[in-house]
Amino acid sequence: MPVHVLSEGAGPGAQVPAHLTRISISLISTSIDCSKKTVKGKVVHKGRLVSLADDDFILKTVIQEEDSQPDTTSINVVLLGALAKDFNQAVNQGDVVVAAGFTVGKSPTVHKDKLHPFNLLLSGDSACIYVSRPPPPADPRSPLAAKRSSTLSAEVSRAPKAPKYTYVKLGDLKPGAVVNVYGVVVFFKQPFKSRGTDFCSTLKITDPSNRKIGCTVFCEKLDNHPKIFRIGDIIRMHRVKTQFFNDSITLVNTFGFSVVTFDGTVGGAVEPRASSRSFHFDQEDRRTVEELRSWAASQTVLPSAPTIPLSAVQPKAYFDLTCQLLARADIDCTCTLLRVWDGTRCPHRLLKVIVAPDAIEGPSSFSTEKEKLIANILAYDNHVESAKQLKIGDFLRIYNLRAIPGSSKVPGLTSSQSDQVDHLAFHLHGGTAYGRGIRVLPENSPDVQELKRTIEGFAEDDELNDSALLEIWSTPPESPSDAGTAESSTERSCSHDVQPTTLSELKRSDPGGVHHVRVQLRSYEPQRLHQALKLYCSKCTSMQDVPDDELVAGLFSEASGDSGPCTPPAWALSGRVNIPGGSSGSSKRALGVHLSTQLMSEGKTKELIFLMGSTLAETCRLASGYQNIVPVRSSGGQLTLLDLSAPFLFRGRKRYYGCRRCSEAALREPSAEGVELIDEKIVAEALGIQLLKFCLLMKLELQDATDTLEVFLWRDAELFFSVSAEDAAANQEAQDRIRQTMDFLSSPEGSTGECPWLDVCLSAYRAADDGGQNRTCYQICHTAFTKLPSEPARS
DNA sequence: TTAGGGTTTG
């Protein structure tokens, strides 16, 4: 994209890309998403071009919306980098310009200049200025007009030029300059609310010059703060100013500030963690990061990050914990309980905190085995507020956590409950000293990936948030049968080194572990196989039934009832679509649709529509012609999504649902830039929906000569049937396959007159039932059905 | 404007 385009004649609107919409200057504020907005105004003041560093410039200008009152509609515009230089050369006072790709900041000069309380910052690749001048005089023979048009009719545009940033070594910093720097983080605090209007990050960095420099970042939005996860991270800051404080140089962010951080591990991926929409990153940056990593690794002076698992916690120690949030409860206004785990078991007895089940957000209890791994953390004072922002299932790093041995009084509880001598309590004390705080780690971070592997390792033997499974069925009877040596209709794919056992032996063995058995199917539930389909949330581990058509049709009909006037979002284009007739003679009708302007401009009109006022049946009919249909409704004059009990997306015959607990659903324009295929994941992400996964859940009663046993078929049900649950939800062929398999397994086979034999791997685990009683549960794992009546053995 | 680490409450 050109840094800027200047053109004469038809007016600035002519070259502005169609997907951008103009916004009035009076509406500019930091709460508006300006990524696809433009602002148009006349240049009423053009400041001097100021050089910040080699090839880096800043220029301030004031533009005024024409035909409106000047006091509310003049706004400061700050241009940075090459754009500032080009603007200086090409734009004159009196020109009308259109600005795009800007961000909005608070104007620090509002009290002085009495202009707009916010300003526009134009920096980076996405920033752009379009300009035109007043039309030339009417007489084309006028020498002046001829001259003007000849110089300006040619489009003045610049090829994209990568800005060349120069970085000052920390040892070379001088006061009173604006600079770009790289450094290794040796101390940091999570952003905290300052006494002013911004959040404040404080950190200290160093580099091979061995100078340690304190830095302060003030930004109103948390997103714009540096994303530092641990000491040793690499940080790059653009446009920070140096100032003297306490006899040393410090750095503070200034106009056009941007920051990118990187993991500091030698050999790790160089993934920029940006805090702005656009940022520059090239091979030279990669080299710099790698050099700083190697240098830092050789420095013993750098404090090592005390991140340790629960299994290694020492009493009295302060440490950082990487964990997953399982549940939360407010103890009182100065203390919040966070229940977390990291998949490892702390060798010390842990403090139990008793909280009323209705005060707990998230599951109120877990299986006995899982409970042993859960740490109760008491977060105090300022951390109560940040704990409120966390979502159950989030991956966290908690900084400067204290493991306190001995008796602890828990606020809000009676002393008899809280007096637990020799139990380890985890406290996150109030304040931000020592970097105390909580940070949500992104799912793609290497630490979270590792944490997930640890948690999954545990889940292998102690599967599921088991109450979800047990809530669905109660317990029935048992009886014996004969053993057999016939061919097996299933095959185990696990590599467990265990000897096959009988069901009666298995029932006598210790709880937990894996078992191999040779069994027959005695009965199964549900008999109506569509009831085996469930929706599972991998974030909060809840499971629910798939809503039936009657319920969904009701939601559609209720949604179409609100036919009041409704404002579509600015990015949407509205139109009508004809519903293809169903049975012959049914009347055709047209329904309201909204399309993404962005997708239309990319020629992807049919790939995603937002459909309003349709019935369930009509939506299904339209789904044959459009790849993705998102049903929407009018609510309070706004266009919104339907209740999440209904599918949020129709893709052909498939319907997708979102988790009501974990989604933060809102109607937003999906970004399909560079996306080959718009699928459920893209749509769910854009709409803030936590996608529910279809799964199959059955309870089987198995038997051998010695006993019977109830087991679940869940985690590996898709492997067992060689069918995806998603397909089973949408197509008859997949459903038939499950039906045929179950029929085959439960009917007498050939001359032997007995049911087929199955070699099965069973995983045993403890789980709490409805009454809170713990019992051992079994689940079929790593086992696939290999033979259908109509076909020879499959492998 | 704001903060400017830190000798760690429950």
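This text follows the structure it describes.
Here the structure is a predicted model, which means the values were calculated and not measured.

A look at the overall build of chain A
Logical step 1: From N to C terminus, chain A includes 18 helices and 43 strands.
Logical step 2: Within chain A, buried positions represent 49% of all 795 residues.
Logical step 3: The contacts of chain A with a sequence gap of at least 6 include a subset with a gap of at least 24, amounting to 67%.
Logical step 4: For chain A, the accessible surface area stands at approximately 36,800 Å², while carbon and sulfur atoms represent 51% of it.

Quick notes on the protein's contact with DNA strand B
Logical step 1: Neighbouring DNA strand B are 28 residues, the closest being Ser194, His429, Gly430, Tyr434 and Arg436.
Logical step 2: Within 4 Å of the protein, the atoms of DNA strand B are drawn from sugar and phosphate moieties in a proportion of 32%.
Logical step 3: Within the side chain of Gln243, a nitrogen or oxygen atom sits 3.2 Å from a base nitrogen of DNA strand B.
Logical step 4: One nitrogen or oxygen atom from the side chain of His429 is found 2.8 Å from a base nitrogen belonging to DNA strand B.
Logical step 5: Elements supplying a minimum of two residues to the surface near DNA strand B: strand 14 (199-206), strand 15 (212-219) and strand 16 (234-245).
Logical step 6: A total of three residues in the surface near DNA strand B trace back to one element, the largest contributor, which is strand 14.

Quick word on helix 18 (residues 732-746)
Logical step 1: For helix 18, with 15 residues, the first-to-last C-alpha span of 21 Å sits near the 21 Å given by 1.5 Å per residue.
Logical step 2: All of the buried residues in helix 18 are Ala734, Arg737, Ile738, Thr741, Met742, Phe744 and Leu745. Buried residues of helix 18, viewed axially, fall in a sector of 165°; they line one side.
Logical step 3: Of the residues flanking the start of helix 18, the one acting as N-cap is Asn731, its side-chain oxygen 3.1 Å from the backbone nitrogen of Glu733.

With respect to the nonpolar core
General note: in soluble globular proteins, nonpolar side chains tend to be found buried as a group.
Logical step 1: Ranked by size, the top nonpolar core spans 61 residues in total, and within it Met698, Leu700, Phe721 and Leu762 carry the most contacts.
Logical step 2: Ranked by residue count, the leading element in this core is helix 18, at five residues.
Logical step 3: For this core, the two domains that each supply at least three residues are domain 4 (503-531 + 696-785) and domain 5 (547-579 + 589-689).
Logical step 4: In terms of nonpolar packing, the next biggest core, distinct from the first, is built from 32 residues, Val217, Val240, Val259 and Leu326 among them.

Details of the sheet that holds strand 29 (residues 533-536)
Logical step 1: Taken together, the three strands give an open sheet; going across it, the order is 30-29-38, and neighbouring strands pair in antiparallel fashion. Each having just a single partner strand, strand 30 (543-545) and strand 38 (693-696) make up the two edges of the open sheet. Shown here is a sheet whose adjacent strand axes are inclined to one another by a mean of 40°, direction ignored.
Logical step 2: Judged from the three bridges that link them, strand 29 and strand 30 form a sheet pairing that is antiparallel. Residue pairing for strand 30: Lys534 is matched across the bridge by Asp545.

Considering the environment of Asp562
Logical step 1: Structurally, Asp562 can be placed in the loop between helix 12 (549-561) and strand 31 (572-578).
Logical step 2: Separated by 51 residues in the primary sequence, Asp562 and Gly613 place their C-alpha atoms 8.5 Å from one another.
Logical step 3: In contact with Asp562, other than residues within four places in its own chain, are Arg633, Ser634, Ser635 and Gly636.

Thoughts on the side chain of His427
Logical step 1: With respect to the element layout, His427 can be found in strand 24 (residues 425-428).
Logical step 2: The buried category is assigned to His427, whose relative accessible area is 9%.
Logical step 3: Those residues in contact with His427 that lie beyond four places of it in its chain are Leu378, Tyr380, Asn400, Leu401, Arg402 and Ile404.

Here we look at the pattern of salt bridges
One side chain can pair with another of opposite charge once the charged atoms of both are near each other.
Logical step 1: Tallied over the full model, the rule gives 27 salt bridges.
Logical step 2: For the salt bridge of Arg655 with Asp549, the shortest nitrogen-to-oxygen distance reads 2.8 Å. One end of the pair, Arg655, is in strand 37 (residues 654-656); the other, Asp549, is in helix 12, and 106 residues separate them in sequence.
Logical step 3: Classification of Arg655 as buried rests on a relative accessible area of 19%.
Logical step 4: Overall, the relative accessible area of 43% leaves Asp549 in the partly exposed class.
Logical step 5: One connected set of salt bridges, linked through shared partners, spans Arg230, Arg397 and Asp447.

Section: helix 15 (residues 680-687)
Logical step 1: Every buried residue of helix 15 is accounted for by Glu680, Val683, Ala684, Ala686 and Leu687. Taken down its axis, helix 15 places every buried residue within 165° of arc, on the same side. Set apart from the buried face of helix 15 by more than 90 degrees, the exposed residues are Lys681 and Glu685.
Logical step 2: Where helix 15 is buried, its residues contact strand 33 (609-612), strand 34 (629-635), strand 35 (638-641), strand 36 (649-651), strand 37 and helix 17 (725-730).
Logical step 3: Among the residues of helix 15, the N-terminal cap falls to Asp679, whose side-chain oxygen and the backbone nitrogen of Lys681 are separated by 3.1 Å.
Logical step 4: After helix 15 finishes, the residue Gly688 shows a positive phi value of roughly 70°.

Description of the state of the cysteines
Logical step 1: Within the structure shown, the criterion is met by zero disulfides.
Logical step 2: In this model Cys494 remains outside any disulfide bridge; the closest cysteine sulfur is found in Cys761, 3.9 Å from its own.
Logical step 3: With no disulfide of its own, Cys659 lies 3.7 Å from the sulfur of Cys537, the closest cysteine sulfur.

Rules and cut-offs
- Residues numbered from 1 in each chain as written.
- Chains lettered and ligands numbered in written order.
- Predicted model: local features only at pLDDT ≥ 70, side-chain atom pairs only at ≥ 80, totals over all residues.
- Heavy atoms only, no water.
- Helix = DSSP H or I, 4+ residues; strand = E, 2+ residues; numbered from the N terminus.
- Buried < 20%, exposed > 50% of the residue type's maximum accessible area, 1.4 Å probe, protein only.
- Contact = heavy atoms within 4.5 Å.
- Areas by Shrake-Rupley, 256 points an atom, 1.4 Å probe, with all protein chains shown as cover.
- Near = heavy atom within 4 Å.
- Polar contact = N/O pair within 3.5 Å; in protein donor to acceptor, adjacent residues only side chain to side chain.
- Expected span 1.5 Å × (residues − 1).
- Arc of directions from axis to C-beta.
- Core = buried A, V, L, I, M, F, W, Y, C linked by side-chain atoms within 4.5 Å.
- Domains from an automatic or database assignment.
- Pairing = 2+ DSSP bridges.
- Axes fitted to C-alpha atoms, helices over the stretch in contact; angles between N-to-C directions.
- Salt bridge = Lys/Arg side-chain N within 4 Å of Asp/Glu carboxyl O.
- Disulfide = S-S within 2.5 Å.

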